[in-house]
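As a plain string of letters, each chain reads:
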Amino acid sequence: MARRLFKLLPVAAALFGAADASALSLMEAYQAALTNDPAYRAAFYTNEAGKENRIIGRSNLLPVVSGIYAGSRNNSTIEVQERELPRKYISRNSTVQVRQPLFSLEAWARYKQGNAQSAYAAAVFDNQSQEVILRVTAAYFDVLLREDQLALAQKERAMYTEQRNVNDLLFKKGEGTSTDMIETQSRLDLAEAQVLEAQDALASARDALAVLIGGHADGLDHLRPGFRAVMPNNQSYDEWKNMALASNPEIRALTSSLEVAKQEVNRQRSGHLPRVELTGTYGKQAADSISTYNQDTTVRSIGFQVSIPLYAGGSVSAATRQSVAQQEKAKADLQAQIDKVLVELRRNYSAMQSSRSRIDALIKAVDSANLLVKATEKSIQGGVRINLDLLNAQRQLSTAQRDLAQARYNYMLAWLRVRASAGTLAAEDVKLVTAYFE
């Protein structure tokens, strides 16, 4: 299934390239990343290679069939009663042999290792499939947030520009001071620097997204204004925890790695145990030696062979102790990964829960800022306020809108990361998130 999906990715990329370059949805960015993200592509081919370990391991339990054919031209001399008899003949030897393991701890360990290595590669690919979703989503949201920050910096610059004009007018009328003008100019210069910094940050964020998707990262869809924390979230933390322990791909990968280490211990210990094989041979020889001159022989045999290791200079015991130590390391690595996954799960689950209240509070802040802007506009018309007050109100509105957008992005990222920790993050989740953009 994965192979078929990967073969279809160039088609998706072609459709993506043919789409309107001015609009890039989150789902389109994800589909493009499946083709162009090098980390994902490397994981895909690593998984394809890892699948073969299962067959390689199984081959140790299956018969081994070998065939030999040899031929030679011979020129020999036989001395009989002081007479030399020349013998010129051609020797031929053809043999087919079958060897079937009957008892071999090493072969069984290699078989189990092959299965575990294939499972490890599949888990690593599953993890990378989730990671590409998180990378693309985080990069996509980062571009949108940088755009909001640039807009806020530009409004601050406009505010200080307006304030400078007011100060200049007051100074000409004799109602202002040069100190006010210098202070405003200083803040304007700082605002100008912040605009340039925001522009650079936006360009860097777009470049980071462009590297992932292999194309331009302009004209992204924006979050719908009425979005609230409504992502599906019916599970408790304990339910997510149980799912993570059972399905998290990083935990699954290290569990498979531990199984590989266990079987490596068995494989090394097999150096002290006998190996029993069933053997079968069919061979034909023609003048195989000078004693069988002008004779053809056919051999059919079936039997068994027992190989008993006696002494290997201590290498078997040393290798076994080494593999036991590596097995203990694999156990420690697995426990460390379990602890790390559960810490990340708890952190993202808490962030997802707390984001609900934060989003509700920021929605109210945006509504209040909107009312302030409208009230300030009416006050300006009545001569009570000036344009600078309106710019301050608009800046407050932009700040609240930016904070609200960031809270929404953080909520969706936390939701996606919780699902990634549980091992359930998939393309359907990207499609769900994309529906909240326009």
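Residues numbered from 1 in each chain as written. Predicted model: local features only at pLDDT ≥ 70, side-chain atom pairs only at ≥ 80, totals over all residues. Heavy atoms only, no water.

As a reminder of what qualifies: UniProt positions are given in the numbering used here, feature names are shortened, and annotations may be inferred rather than shown by experiment.
As recorded in an unreviewed UniProt entry, the chain goes by TolC family outer membrane protein and comes from Pseudoduganella chitinolytica. For the chain, the Sequence similarities (unreviewed entry) comment in UniProt is given as "Belongs to the outer membrane factor (OMF) (TC 1.B.17) family."

With respect to the UniProt feature "coiled-coil region" (unreviewed entry) in the chain
The line we're drawing: Only DSSP runs of H or I covering at least 4 residues are called helices, and only runs of E covering at least 2 are called strands; the numbering of each starts at the N terminus.
UniProt feature "coiled-coil region" (unreviewed entry): in the numbering of this structure it lies at residues 181–208. In residues 181–208, the share of helix is 100% and the share of strand is 0%. The end C-alpha atoms are 41 Å apart.

Quick look at the packing of aromatic side chains
Basically, it comes down to this: Ring pairs are drawn from Phe, Tyr and Trp, using the six-membered ring of Trp, whenever the two centres fall within 6.5 Å, and their geometry is named by plane angle: stacked under 30 degrees, edge-to-face over 60, tilted for the rest. Burial status follows relative accessibility: with a 1.4 Å probe on protein chains alone, a residue under 20% of its type maximum counts as buried, one over 50% as exposed, and anything between as partly exposed.
According to the stated counting rule, one finds 10 aromatic pairs in the structure shown. Ring geometry for Trp 108 versus Tyr 111: centroids 5.3 Å apart, planes at 40 degrees, classification tilted. With Trp 108 and Tyr 111 both in helix H4 (residues 105–172), this residue pair falls three residues apart, about one helical turn. Taking the relative accessible area as the measure of exposure, Trp 108 reaches 43% and is therefore partly exposed. In this structure Tyr 111 comes out as partly exposed when scored by relative accessible area, which is 23%. Consider the rings of Phe 227 and Tyr 436, whose centres lie 5.0 Å apart with planes at 80 degrees: the pair is edge-to-face. With Phe 227 in the loop between helix H5 (178–213) and helix H6 (237–247) and Tyr 436 in the segment after helix H10 (427–434), this pair connects stretches of sequence that are 209 residues apart. Across the pair, exposure class does not vary: Phe 227 and Tyr 436 are buried alike. Through successive ring pairs, a cluster of aromatic residues spans Tyr 40, Phe 44, Tyr 45 and Phe 125.

Side note on the sheet that holds strand S3 (residues 275–286)
Selection criterion: When DSSP finds two or more bridges between two strands, those strands count as paired. Under this scheme, a helix contributes an axis fitted over its contacting stretch, all axes are lines through C-alpha atoms, and angles between N-to-C directions fall in the 0 to 180 degree range.
Read from one edge of the open sheet, four strands run S1-S2-S3-S4, paired in antiparallel fashion. Among the strands making up the open sheet, the edge pair consists of strand S1 (64–80) and strand S4 (296–307). Strand-to-strand twist in this sheet, taken as the mean axis angle between neighbours without regard to direction, amounts to 20 degrees. Here strand S2 (residues 83–103) runs beside S3; their pairing, made up of 11 bridges, is antiparallel. Bridging across to S3, Val 98 finds its partner in Gly 280.

A word on the pairing of S3
Of the pairings in the sheet, the one linking S3 to S4 comprises 12 bridges and is antiparallel in character. Across the sheet, the residue bridging to Val 276 is Val 306, located in S4.

Details of the side chain of Gln 130
Counted only if it meets this: Within 3.5 Å is the distance limit for a polar contact, defined as a pair of N or O atoms, with the added protein rule that one can donate a hydrogen and the other accept it, and that residues adjacent in sequence qualify only through two side-chain atoms. We call two residues contacting when some pair of their heavy atoms lies within 4.5 Å.
Residue position: Gln 130 is located in helix H4. At 3.0 Å, the side chain of Gln 130 and the backbone oxygen of Ala 420 are in polar contact. Only 3.1 Å separates the side chain of Gln 130 from the backbone nitrogen of Leu 425, close enough to count as a polar contact. Apart from residues lying up to four places away in sequence, Gln 130 is in contact with Pro 249, Arg 419, Ala 420, Gly 423, Thr 424 and Leu 425.

A word on a nonpolar patch on the surface
Note the threshold: A patch consists of residues exposed above 30% relative accessible area that lack any salt bridge, with like charges linked at up to 9 Å and nonpolar side chains (Val, Leu, Ile, Met, Phe, Trp, Tyr) linked at up to 5 Å. All accessible areas in this document rest on Shrake-Rupley with a 1.4 Å probe, and a residue is counted as covered only by the protein chains that are shown. A pairing counts as a salt bridge when a side-chain nitrogen of Lys or Arg comes within 4 Å of a carboxyl oxygen of Asp or Glu.
Taken together, the side chains of Leu 102, Phe 103, Leu 273, Leu 278 and Ile 302 make up a nonpolar region of the molecular surface, amounting to roughly 490 Å² of accessible area. Position of Ile 302 among the secondary structure elements: in strand S4. Overall, Ile 302 belongs to the exposed group, its relative accessible area being 72%.

Focus: the environment of Ile 302
Sequence separation between Ile 302 and Met 159 is 143 residues; the distance between their C-alpha atoms is 97 Å. What Ile 302 contacts, discounting residues up to four positions off in sequence, is Leu 278, Thr 279 and Gly 280.

Some remarks on the side chain of Arg 419
Position of Arg 419 relative to the elements: it lies in helix H9 (residues 387–422). Not counting residues up to four positions away in its chain, the partners in contact with Arg 419 are Gln 130, Trp 240, Thr 424, Leu 425 and Asp 429.

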